[in-house]
Amino acid sequence: LPEGLAFVERVRARGVPVESVYLDLLAPAAHELGRQWEDDRRTFSEVTVGLWRLHQLLYELSPIFQRDAVAPSSDLRALLVTAPGEQHSFGLAMTAEFFRRAGWLVSGGPLLSGEDLPALVHREWFAIVGISAGSEARLDSVARAIHGLRRASRNRALGVLVGGVAFGGHPERVALVGADGCADDARRAPLQARALL
């Protein structure tokens, strides 16, 4: 991590904003790790360690990124989760950073299981739920999760956004799983979520 953080600090010293580090450095690095794993150029362990390091960089940069955050609003509550069975959550973590900076109260993360979600949205009010899926193989489980969330939600007008590699370039999959929209990039996701309110 010190090498990675030192590199990021050198980039930032050239005047590059943290948002650009997130979107133009860390996000492409995560995508490249995924491609190398799919192409059998990296082992699962190597990819996991690489993504853990990217998560650490995100954590280290978060206080700087959040300096310009809008004050959170109780009307803007988002539950952001990975699809059931999903193993990596870097894109979700980055998206949560953008939601927080835009004034959303964010709950969730990769540790919630599919069984926990209906009980959580029944117990607590959320304006939107965001689900990230990294593979087409997860589409059925995403559709089941969305159906269960809508049935259990305290918010009868719950908005559901999907995102991740499974939906990139495939807008037809949004309707297929029963979602209201697709967050195709972390920066625009909070605006897309607001449009669902």
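The following paragraphs examine the structure supplied in this document. All values reported here derive from a predicted model rather than from experimental measurement.

With that out of the way, let us pick up the environment of P28. Structurally, P28 can be placed in helix 2 (residues 18-38). A C-alpha to C-alpha distance of 20 Å links P28 and P2, two positions 26 residues apart in sequence.

As a further point, take the pairing of strand 2 (residues 105-109). Direction of pairing for strand 1 (residues 77-82) relative to strand 2: parallel, over a ladder of five bridges. For V81, the partnering residue across the bridge sits in strand 2 and is G109. Of the crossover connections in this fold, the one passing from strand 1 over helix 4 (residues 90-101) to the parallel strand 2 is right-handed.

Looking now at the pairing of strand 4 (residues 159-163). Of all five residues in strand 4, five are buried, a share of seventy percent or more. Alternating positions in strand 4 separate into two faces, G159, L161 and G163 on one and V160 and V162 on the other, with burial throughout. Bridge count between strand 3 (residues 128-132) and strand 4: five bridges; the pairing is parallel. Paired with I131 across the two strands is V162, which belongs to strand 4. One crossover worth recording links strand 3 to the parallel strand 4 by way of helix 6 (residues 139-152), and it is right-handed. Taken together, the three bridges between strand 4 and strand 5 (residues 181-183) define a ladder with parallel strand orientation. Bridge pairing links V162 to C182 in strand 5. Handedness of the β-α-β unit built from strand 4, helix 7 (residues 172-177) and strand 5 comes out right-handed.

Now for the sheet that holds strand 3. Adjacent strands of a sheet pair through backbone hydrogen bonds, lying either parallel or antiparallel. Reading across from one edge, 2-1-3-4-5 is the order of the five strands in this open sheet, with parallel pairing throughout. Of all strands in the sheet, those bounded by a partner on one side alone are strand 2 and strand 5. The average angle at which neighbouring strand axes cross in this sheet is 25 degrees, direction not considered. Contacts from helix 4 reach strand 1, strand 2 and strand 3, with the element oriented near 170 degrees to strand 1.

Another point: helix 2. For helix 2, with 21 residues, the first-to-last C-alpha span of 29 Å sits near the 30 Å given by 1.5 Å per residue. Every buried residue of helix 2 is accounted for by V18, V21, Y22, L23, L26, A27, A30, L33 and Q36. Of the surrounding secondary structure, the elements contacted by the buried residues of helix 2 are helix 1 (2-13), helix 3 (44-65) and helix 4. Looking one or two places after helix 2, you find D40, whose phi comes out positive at around 60 degrees.

Criteria and thresholds
- For every chain, the first residue of its written sequence is number 1, and the numbers climb from 1 along that sequence.
- It should be noted that, the model being predicted, local features are given only for residues of pLDDT at least 70 and side-chain atom pairs only at 80 or more, the latter also being counted only at that level, while totals for whole chains, interfaces and linings use all residues.
- Only hydrogens and water are removed before side-chain values are computed, so all heavy atoms of the structure are retained for them.
- Working definition: helices are DSSP H or I runs of at least four residues, strands are E runs of at least two. Numbering for both runs from the N terminus.
- For two strands to be treated as a pair, DSSP must find no fewer than two bridges joining them.
- Call a crossover right-handed when, viewed with both strands pointing away from you, the route from the first strand across the helix to the second goes clockwise.
- Burial classification: accessible surface area is computed with a 1.4 Å probe over protein chains only, and a residue below 20% of its type maximum counts as buried, one above 50% as exposed, and the rest as partly exposed.
- All axes here are fitted lines through C-alpha atoms, helices being fitted over the stretch that makes contact, and every angle between N-to-C directions spans 0 to 180 degrees.
- Contacts between residues were defined by any pair of non-hydrogen atoms, one from each residue, lying within 4.5 Å.
- Expected span of a helix, by definition, is 1.5 Å for each gap between consecutive residues, and there is one gap fewer than residues.

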